[in-house]
Amino acid sequence: MSGLRGAPMRIVIATDAWSPQVNGVVRTLQSVRDELEAAGHTVLVIAPDRFRSWPCPTYPEIRLAFPRSATVGETIAAFAPDAIHLATEGPLCLAVRRWCLAQGLPFTTAYHTQFPDYVAKRTGVNAELVWKYIRWFHAPARAILASTPSVAATLGAHGLDQVRPWGRGVDLSLFGAVKADPVIRAMRERGPVQLYVGRIAIEKNVAAFLESRVPGTKVVIGDGPARADLERRFPAAIFLGVKTGADLAAAYAAADVLVFPSRTDTFGLVMIEALACGTPVAAYPVAGPVDVLTPEVGAMDADLDVAIERALTRRRIACRVYALRFTWAESARQFAEALVPARRLAMAA
C-alpha cells in the first residue's frame, strides 16, 4: 500500500496486548499508531479494553478478551477499513481472523514474540506443538511483519516465508534527553550499576542476570510473576518496580550497562532505549541482540559475565550516536508499506 505519507488510510489494528500492560509490544503499537495518525491516517485499535476480559492464567496482569467474531466484525465493518492488521496470536485476534476469512478479506499479521519458547518455558508444553498453532495462525496472512532478519529466518524455517521487515524505534526526545537518576547514580560507589528493564518472568531469564558475578550493584526495573521469588533469592539486588517516561530514561542514563539476559525476545526494545541514553548493552548472542547490537555499543557472549565486563568498556557517545538510526517514523513507514488493501466494507457486515 502507500507509505507513511501517502494517501490517508483507515487502518484496523487488532491486538490482545494493550494498555494498561507495560511491555515492548504495547509500546511499539502505541508509538506506530501515533506516527500513523500524525501522518493523516485514521487508526482503529481493537483491544481487550473494548470487551469483558479475564486475567490470563499465571499472568493476571494480562487481560484476555474472547469476543464473538460477529461482534468484532460489526465494529470493523462500521469503520470500513482500507487495511486490517492482527498484531498478536491471542483470542481477540483469533476472532478477527475468523471474521476476515469468512468475509474473504486479506490481512497482515506480526510475529512480536517467540511465543513457542515462552509457552514451553511457562508450561512445559513442547515448543513444536505451539509452532503448529503459529503456522496455522499466520499461514493465511498476506504478509507477516518481523522485526529482524533472525526472526524472518526463524519464520521461514517453519514454512512462513511471506515476511516483511518492520523495525523498531525509540523516542529520541525522551531517551537521552533526561538527566541521570541521582539515587541510582550514587550506587556507583559500590561498583558499576548493572540494570535490567522488562517483565520479571521466567521466559525473560532474569535469574541469569542476578546470578552473574561481576562486582557492582544490580538494579531491576519492572514487575511480573517471578518478582517475589527473585527478591527472596537475591536480597542484594535492588528492585524498583515499574518505571516509565522520564523516570525510566533517567534510570537508563544512570546505569553503566543494561543487561539483556533474554534468549527468547524477537527484538528487545529496551536495548535501543538504553543505547539512546548512552548506556551499552550486554547480552547473549541470540536472535534480537545479534540483529541490534554492534561491537561498538555492546557485547555478546555465551558467558554473561564476559559480556557484561566487555560492555562496560564501550563509549557512551558511540551508543547514543548509533541509537539515532532507530526512529518510530521509519518503523511506521515500514508498517504502512507492508499493509495490504482490504476492499471497502459496507456499513452492515
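Remember, predicted model here, so these are calculated numbers, not experimental data.

A. View of the overall build of the chain. Of the regular secondary structure elements, the chain holds 15 helices and 14 strands. For 349 residues, the compact-globule formula gives about 20 Å, and the C-alpha radius of gyration of the chain, at 20 Å, lands near that figure. Viewed in the frame of its principal axes, the chain has a C-alpha envelope of about 65 × 45 × 35 Å. Across the chain, contacts joining residues at least 24 apart in sequence account for 68% of those joining residues at least 6 apart. Summing over all exposed atoms, the chain offers an accessible surface of approximately 14,200 Å²; the carbon and sulfur share of this is 55%. Between the centroid of the 39 positive side chains of the chain and the centroid of its 32 negative side chains there is a distance of 3 Å.

B. Region of the structure containing helix 3 (residues 91-103). Taking 1.5 Å per residue, 13 residues should reach 18 Å; helix 3 reaches 19 Å between its end C-alpha atoms and fits that length. Those residues of helix 3 not exposed but buried are Pro-91, Leu-92, Cys-93, Leu-94, Ala-95, Val-96, Arg-97, Trp-99 and Cys-100. One or two positions beyond helix 3, positive phi appears at Gly-104, with a value near 70°.

C. Layout of the environment of Thr-109. Its place among the elements puts Thr-109 in strand 6 (residues 108-110). Beyond its immediate sequence surroundings of up to four residues, Thr-109 is in contact with His-85, Leu-86, Phe-137, His-138, Ala-141, Ala-143, Ile-144 and Leu-145.

D. Structural view of the layout of surface pockets. In this model, the second largest pocket occupies a volume close to 180 Å³. Ser-147, Gly-167, Arg-168, Phe-267 and Phe-326 are the residues nearest the centre of the second largest pocket, which is lined by 15 residues in total. For the lining of the second largest pocket, the elements supplying multiple residues, two or more each, are helix 12 (289-292) and helix 15 (328-338). It is helix 15 that provides the largest number of residues to the lining of the second largest pocket, a total of three residues. A breakdown of the residues in the lining of the second largest pocket according to their chemical character gives five nonpolar, six polar and four charged.

E. Examining the sheet that holds strand 10 (residues 217-221) more closely. One open sheet holds the six strands; their spatial order is 11-10-9-12-13-14, and the pairing between them is parallel. Sheet topology places strand 11 (238-241) and strand 14 (298-300) at the edges, where each strand pairs with a single neighbour. Within the sheet, the average angular offset between the axes of one strand and its neighbour, ignoring direction, is 25°. In the sheet, strand 13 (residues 281-283) pairs with strand 14 via three bridges, with the strands oriented parallel. Bridge pairing in strand 14 places Ala-282 opposite Ala-299. Across the sheet, helix 10 (residues 245-254) is in contact with strand 9 (193-197), strand 10 and strand 12 (257-260); its angle to strand 9 comes to roughly 145°. Across the face of the sheet, helix 11 (residues 269-276) comes into contact with strand 9, strand 12 and strand 13 while running at roughly 175° to strand 12.

F. How the structure looks around the pattern of salt bridges. Within the structure shown, the criterion is met by 15 salt bridges. The residue Glu-211 makes a salt bridge to Arg-233 at a minimum N-O spacing of 3.5 Å. Placement of the pair is Glu-211 in the loop between helix 8 (206-210) and strand 10 and Arg-233 in helix 9 (residues 227-233), with a sequence separation of 22 residues. Taking relative accessible area as the criterion, Arg-233 reaches 38% and is therefore assigned partly exposed.

G. Structural view of the packing of helix 1 (residues 24-38) against helix 15. Their axes nearest at 9 Å, the elements helix 1 and helix 15 cross at an angle of 85°. The orientation of helix 1 relative to helix 15 falls into the category roughly perpendicular. Where helix 1 abuts helix 15, its residues Arg-27, Thr-28, Ser-31, Val-32, Glu-35 and Leu-36 lie against Trp-328, Ala-329, Ser-331, Ala-332, Phe-335 and Ala-336.

H. Summary view of the packing of aromatic side chains. Tallied over the entire structure, the rule returns nine aromatic pairs. Each ring, one from Trp-166 and one from Phe-335, has its centre 5.1 Å from the other, and the planes form 50°; the classification is tilted. You can see Trp-166 sitting in the loop between strand 8 (163-165) and helix 7 (182-186) and its partner Phe-335 sitting in helix 15, a full 169 residues away along the chain. An identical accessibility class is assigned to Trp-166 and Phe-335; each is buried. The positively charged end of Arg-97 is found above the aromatic ring belonging to Trp-136, 3.7 Å away from the centroid. The side chain of Arg-263 reaches across the aromatic face of Tyr-284, ending 3.7 Å from its centre.

Definitions and limits used
- Residues numbered from 1 in each chain as written.
- Predicted model: local features only at pLDDT ≥ 70, side-chain atom pairs only at ≥ 80, totals over all residues.
- Heavy atoms only, no water.
- Helix = DSSP H or I, 4+ residues; strand = E, 2+ residues; numbered from the N terminus.
- Rg over C-alpha atoms; globule rule 2.2 N^0.38 Å.
- Contact = heavy atoms within 4.5 Å.
- Areas by Shrake-Rupley, 256 points an atom, 1.4 Å probe, with all protein chains shown as cover.
- Lys, Arg positive; Asp, Glu negative; His and termini not counted.
- Charge placed at Lys NZ, Arg CZ, Asp CG, Glu CD.
- Expected span 1.5 Å × (residues − 1).
- Buried < 20%, exposed > 50% of the residue type's maximum accessible area, 1.4 Å probe, protein only.
- 1 Å grid on protein atoms, 1.4 Å probe; cavity = no way out; pocket = protein on both sides within 12 Å on 5 of 7 lines; lining within 4 Å.
- Points joined across faces, edges and corners; volume = space filled by probe spheres on them.
- Nonpolar A, V, L, I, M, F, W, Y, C, P; charged D, E, K, R; others polar.
- Pairing = 2+ DSSP bridges.
- Axes fitted to C-alpha atoms, helices over the stretch in contact; angles between N-to-C directions.
- Salt bridge = Lys/Arg side-chain N within 4 Å of Asp/Glu carboxyl O.
- Parallel < 35°, antiparallel > 145°, perpendicular 65-115°, else oblique.
- Phe/Tyr/Trp six-rings, centres within 6.5 Å; stacked < 30°, edge-to-face > 60°.
- Lys NZ or Arg CZ within 6 Å of the ring centre and 35° of its normal.

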